[in-house]
Amino acid sequence: MPDDRKSPDFNGFLMLWLASSFAAGILAASFADFEFKAALAVCGLFTIVSFLFRSRNFAIILILISFVAAGIFSALIEKHSVATNRLKILFDTGQIRSGDPVEIEGVVRSREPSVDSLFLTLDVDKITHRGREQKVSGNVRLFLPVNETDKIPENFKSEISDLKLRNSDSKFEISDVKYGSRLKIATSLDREETYLNPGVIPKKQILDLTGVDATGSIKSVLLIEKLADESVFLPLAWVYDQRAWMIKEFRDNLSGPASGIMTASLLGNKYFLDKDTADLFREGGTFHILVISGLHITFIGGLLLLFVRQITRRRWVQFLVTMIILWAYTLAVGAEVPVVRAALMFTVLIYSYVKYRPASLLNALALCALILLVWRPSDLFNPSFQLTFVSVAAIVVLAYPLIEKLRRIGTWTPTRHEPFPPAVPVWLKRLCETFYWNADAWHFESKNQRWTAILAKSPFLATRAKNSAQTVARYLFEGVLVSMLVQICMLPLSVVYFHRVAAISVLLNLWVGIFIALESFTAVIAVFVNQISGIIATAFFMFAEIFNWMMLLLPRLFVDNSWASFRLPAYSGYGQAIYFLYFVPVLLLAIALNRWKPFEVKQRSWVTRRPVIYLTVAALGILFAVIIFHPFSSPRPDRRLHVDFLDVGQGDAAFVTFPDGRTMLIDGGGRIKYRSRDEEAEPFEPDVRGIGESVVSEFLWHRGYSRIHFILATHADADHIQGLTDVARNFKIGSAIFGRMPLDDPNFTQLDDILRRRGVQSEGVVRGDVLKIGDVVVEVLNPPADDRDAVSDNDNSIVLRITYGSRTFLLTGDIESRAESTLVNAGSPLTADVIKAAHHGSRTSSTQAFIDAVGPKYAVISVGRSSPYGHPHSEVVERWKAAGADVLTTGERGTISITTDGHDLVIETFINKKREPK
């Protein structure tokens, strides 16, 4: 940065205004309908007029208006330029349905191995659907289990009998698939929404953000036919081959966690990263180190530049060498949009350095934003773009100028331009002198001066550390300062997108950053040395393992003691304005910092005056507290009983909000395929978000909750209890309720362990127990009290009857015909207005006698859109309908919300927002 005498006017940065105007146009296009021709005409007209009146002061206003119109036009072009034969269009318009058997032809753009499978990304140009071949465009990501037998399932073989399969005499190996291979694959593609709940990011949005039109799985390598190897850019193909080779070397010579970290952080492959290690980085707020993103590219580019600077002083050579290596690395790790975006930003910023224009860093950052938004206007709403831009802006606009001015304060000596010491508080002056004052350099310089001076310096340390010790302390101080400023600026985005605040990440970023750099250098050296001497390489791999252990040591200490981070809900609706307001004082502080002249006795800018600074800091502190403590995020009690049946696929989850504001989560869903009770633990658990995290927790955070008063597991099946484990990690829990406590069940013991460590009290309930929560009565009708040690199976599910006023809800877990018969014969009060039909609509439940005893107005069935068990069975649905009940399924309607004031009954579903009183 320049010295204070030449500090640029913050508001005079033209590129910043142009980029902001262009972004405003994109934003406007998302809220209102505009015409192509009108936007283009306005842009052209105001550009011409501004040129004609370029000498007038109002010309800048005309230019800004033209850029707003350009932003609108660019957004409209992107929105309407999607080809009609694009795969996502064919799926979204219903021309192809998710799950239909198809044959696709395309070129391999990436080949990503994982522990027991392969992920292929194809650039598709042909598709055969129902015997009709057509040209298409788009990308698909396919999953191929490589350890499965190459047998085509009979049911799939019959479905694709009309497709042209390859000659069975030809031979095919997985190793034949590489970058540039043209393949023909028989598969089924999916672009269907999975979980329809408020707060859950739609699957289509996730696919569009990653540039993938559809996903699918290949049931056997027999369904793949290699047609040819198309011509490719040979240097890029060579880079991909070396990347694959390094992945194999890491896998063969490092432990599972260490190789997973190396392949993720260096090579962009996260499929070898186990869930335990990934969660450790997430909870410590350092997961961005494992993701090749903006900060990652900046770190690698910075190291490259530092290394090249030791070889040559020519800045153009430094720039070219650094950029060639960095862009080769960008292509090697997949050249995904976030990585390309980060590399482009680094390129523009370093170009400013090469041109000796450090004063234009903010302009360079704005130019980056403008280029990226012209390229992809929709990136303005992309979390990855926002996170990258805010983090880099925090460094460029706040951290870098602040550190430069602190250095000048700490190293001040009298000069012609700065004859007087800095006009700053004493504590700040002492702090700066502690890290930056070099007495030896001052004495050497003063001997060469014609005049003499005595400087009184008072660093905080009485016996000041010198040389290398002071250098280390200075780097640590600057690292903590940069990390802290980035975390402050990223707070709204961290809460909105991750619902996590990790204050300890200010420290852990340095710790993990140092050791992962040491591990990376050691592991890379070991890989190359291994080609010469395996014995010597073993020593390097051993040191890489040691660095990996050291890196994880401190984060694990904080995570295991729940000191690392905490989860937060986000404001929704009009409450989201708080996140935009938060950046107002941040922007004012950035302006003040850039206009602050510490060597001026009296600050001439109004924004740097103490009263303004104090008010700005106070405003930032208040907004910070409102976000952290979120006093207004959760809904206020409205004296109504709310029951939300969540769409968790093949599973159960119901969220009850009582009239007094207390809450109860009944079951939390879980994965469809899970290990049996007697099966050993899986050796490798991939880093995949469970339903409790990605669906149930997201729904609760969207509602504004950070505390749940009661969680209740009806029984220990994974599709009911597993998601509660994630909820217990993410939320404060008042108490946990169980019917049976099977201590030998892995799903239960995992939840029980979390509850014990968090000090949550658990209690058991049986038939006859009654809970009174305000004016609501919750009766426990099952399981029976005679055998508290019975297994937690379907027929021992907790059955609840919730009564508020004259309205009643019956929640039946997974009970089957035997338990239903017991309840009917016992004379239990079963009548209800709303029933959650048992066992996802299975024919083993919902007997006629039970249906007659309940006589509901609504029967809710919690089930996925495509159940592997055929739920709900048609005869069950017909029995409920014949009894006069409206049947609602979460698979078709999404979240089903039913509320009552004790007299009325109001239904609202996620798919149909219309409220239906009855």
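Residues numbered from 1 in each chain as written. Predicted model: local features only at pLDDT ≥ 70, side-chain atom pairs only at ≥ 80, totals over all residues. Heavy atoms only, no water.

## Comments concerning unusual backbone geometry
Piece 1. The linkage connecting Asn-782 with the following residue, Pro-783, adopts the cis geometry, with an omega of 10°.
Piece 2. By secondary structure assignment, the location of Pro-783 is in the loop between strand S17 (776–782) and strand S18 (799–804).
Piece 3. Cis geometry is adopted by the peptide bond preceding Pro-872, which originates at His-871 and carries an omega value of -10°.
Piece 4. Of note, Pro-872 is situated in the loop between strand S21 (858–861) and helix H27 (874–882).
Piece 5. Even without being glycine, Arg-639 reaches a positive phi, approximately 65°.
Piece 6. Note that Arg-639 resides in the loop between helix H21 (610–629) and strand S10 (641–645).
Piece 7. Even without a glycine there, the phi angle at Asp-667 is positive, about 70°.
Piece 8. Along the chain, the position of Asp-667 falls in the loop between strand S12 (663–666) and helix H22 (691–702). (Helix = DSSP H or I, 4+ residues; strand = E, 2+ residues; numbered from the N terminus.)

## Focus: the packing of aromatic side chains
Aromatic ring pairs are described here by two measures, namely the spacing of the ring centres and the angle between the planes.
Piece 1. All chains considered together, the criterion is met by 18 aromatic pairs.
Piece 2. Measuring from ring centre to ring centre gives 4.4 Å for Phe-435 and Phe-477, while their planes differ by 10°; the resulting arrangement is stacked. Linking Phe-435 in helix H15 (residues 426–436) with Phe-477 in helix H17 (residues 467–498), this pair joins segments that are 42 residues apart in sequence. As far as burial versus exposure is concerned, Phe-435 and Phe-477 are alike and both buried.
Piece 3. Between the aromatic rings of Phe-655 and Tyr-705, the centroid separation amounts to 5.4 Å while the plane-to-plane angle is 65°, which identifies the pairing as edge-to-face. Of this pair, Phe-655 sits in strand S11 (residues 654–657) while Tyr-705 sits in the loop between H22 and strand S13 (707–713), placing them 50 residues apart in sequence. (Phe/Tyr/Trp six-rings, centres within 6.5 Å; stacked < 30°, edge-to-face > 60°. Buried < 20%, exposed > 50% of the residue type's maximum accessible area, 1.4 Å probe, protein only.)

## Considering the sheet that holds S18
Piece 1. Taken together, the seven strands give an open sheet; going across it, the order is S16-S17-S18-S19-S20-S21-S22, and neighbouring strands pair in mixed fashion. Looking at which strands have only one partner, the edges of the open sheet turn out to be strand S16 (770–773) and strand S22 (886–889). On average, adjacent strands in this sheet sit at an angle of 20° to one another, irrespective of strand direction.
Piece 2. Relative to strand S20 (residues 834–836), strand S19 (residues 807–811) runs parallel, the two sharing three bridges. Opposite Leu-811, over in S20, you have Lys-836 as the bridge partner.
Piece 3. Those strands touched by H27 are S20, S21 and S22, and its axis lies near 140° from that of S22. (Pairing = 2+ DSSP bridges. Axes fitted to C-alpha atoms, helices over the stretch in contact; angles between N-to-C directions. Contact = heavy atoms within 4.5 Å.)

## What about the nonpolar core?
Piece 1. Membership of the largest hydrophobic core comes to 70 residues, with the highest contact counts inside it found for Leu-406 and Val-495.
Piece 2. Ignoring sequence-local partners within four residues, the contact set of Leu-406 consists of Leu-428, Cys-432, Tyr-436, Phe-477 and Leu-481.
Piece 3. Core analysis: the second largest hydrophobic core is formed by 36 residues, Ile-261, Phe-281, Met-551 and Val-559 among them. (Core = buried A, V, L, I, M, F, W, Y, C linked by side-chain atoms within 4.5 Å.)

## Examining the pairing of S10
Piece 1. Of all five residues making up S10, four are buried, and the element is well covered by its neighbours.
Piece 2. Where S10 meets strand S23 (residues 896–900), five bridges bridge the pair, whose relative direction is antiparallel. Along S23, the bridge assignment pairs Asp-644 with Ser-897.
Piece 3. Where S10 and S11 come together, four bridges link them in antiparallel fashion. When the sheet's bridge partners are listed, Asp-644 is paired in S11 with Phe-655.

## Regarding the pattern of salt bridges
Piece 1. All told, the structure shown has 40 salt bridges when counted by the stated rule.
Piece 2. Here Arg-109 ties to Asp-123 by a salt bridge, and the two come within 3.9 Å at their closest N and O atoms. Residue Arg-109 is located in strand S1 (residues 101–113), and its partner Asp-123 is located in strand S2 (residues 117–129); the two are separated by 14 residues in the primary sequence.
Piece 3. Residues Arg-243 and Glu-112 are paired through a salt bridge, measuring 2.9 Å at the closest nitrogen-oxygen approach. Here Arg-243 is found in helix H7 (residues 234–253), whereas its partner Glu-112 is found in strand S1, with 131 residues between them in sequence.
Piece 4. Connected through salt bridges with shared partners, the residues Lys-88, Asp-92, Arg-191, Lys-204 and Asp-208 form a single ionic network. (Salt bridge = Lys/Arg side-chain N within 4 Å of Asp/Glu carboxyl O.)

## Some thoughts on the packing of helix H8 (residues 256–265) against helix H18 (residues 505–529)
Piece 1. The N-to-C vectors of H8 and H18 enclose an angle of 90°; their axes lie 11 Å apart at closest approach. Here H8 lies roughly perpendicular to H18, going by the angle between them. Every residue of H18 that contacts H8 at Ala-258, Ile-261, Met-262 and Ser-265 is listed here: Ile-516, Glu-519, Ser-520 and Ala-523.
Piece 2. Taken together, the residues of the contact of H8 with H18 sort by class into five nonpolar, two polar and one charged. (Parallel < 35°, antiparallel > 145°, perpendicular 65-115°, else oblique. Nonpolar A, V, L, I, M, F, W, Y, C, P; charged D, E, K, R; others polar.)

## Looking at H21
Piece 1. Between its first and last C-alpha atoms H21 spans 28 Å; for 20 residues at 1.5 Å apiece the expected length is 28 Å, and the two agree.
Piece 2. Within H21, the full set of buried residues consists of Thr-616, Leu-620, Leu-623, Val-626, Ile-627 and Ile-628.
Piece 3. The first or second residue beyond H21 is His-630, which carries a positive phi of 35°. (Expected span 1.5 Å × (residues − 1).)

## Observations regarding helix H23 (residues 718–730)
Piece 1. The terminal C-alpha atoms of H23 lie 18 Å apart, and with 13 residues this matches the ideal 18 Å at 1.5 Å per residue to within 8%.
Piece 2. Buried residues of H23: Ala-718, Asp-719, His-720, Ile-721, Gly-723, Leu-724, Thr-725, Asp-726, Val-727, Ala-728 and Asn-730, and no others.
Piece 3. The inward-facing, buried residues of H23 abut strand S9 (566–567), S12, H22, S13, strand S14 (732–738) and helix H24 (746–757).

## Overview of the environment of Pro-492
Piece 1. Examined against the element boundaries, Pro-492 turns out to sit in helix H17.
Piece 2. Between the alpha carbons of Pro-492 and Gln-576 there is a distance of 9.6 Å; along the sequence they are 84 residues apart.
Piece 3. With near-sequence residues (within four places) excluded, Pro-492 lies in contact with Tyr-579, Tyr-582, Phe-583 and Ile-627.

## Observations concerning the side chain of Ser-862
Piece 1. Within the secondary structure, Ser-862 sits in the loop between S21 and H27.
Piece 2. Here the side chain of Ser-862 touches Asp-652 through a polar contact of 3.2 Å, side chain to side chain.
Piece 3. Aside from chain neighbours lying at most four places away, what touches Ser-862 is Leu-646, Val-648, Gly-649, Gly-651, Asp-652, His-840 and Thr-890. (Polar contact = N/O pair within 3.5 Å; in protein donor to acceptor, adjacent residues only side chain to side chain.)

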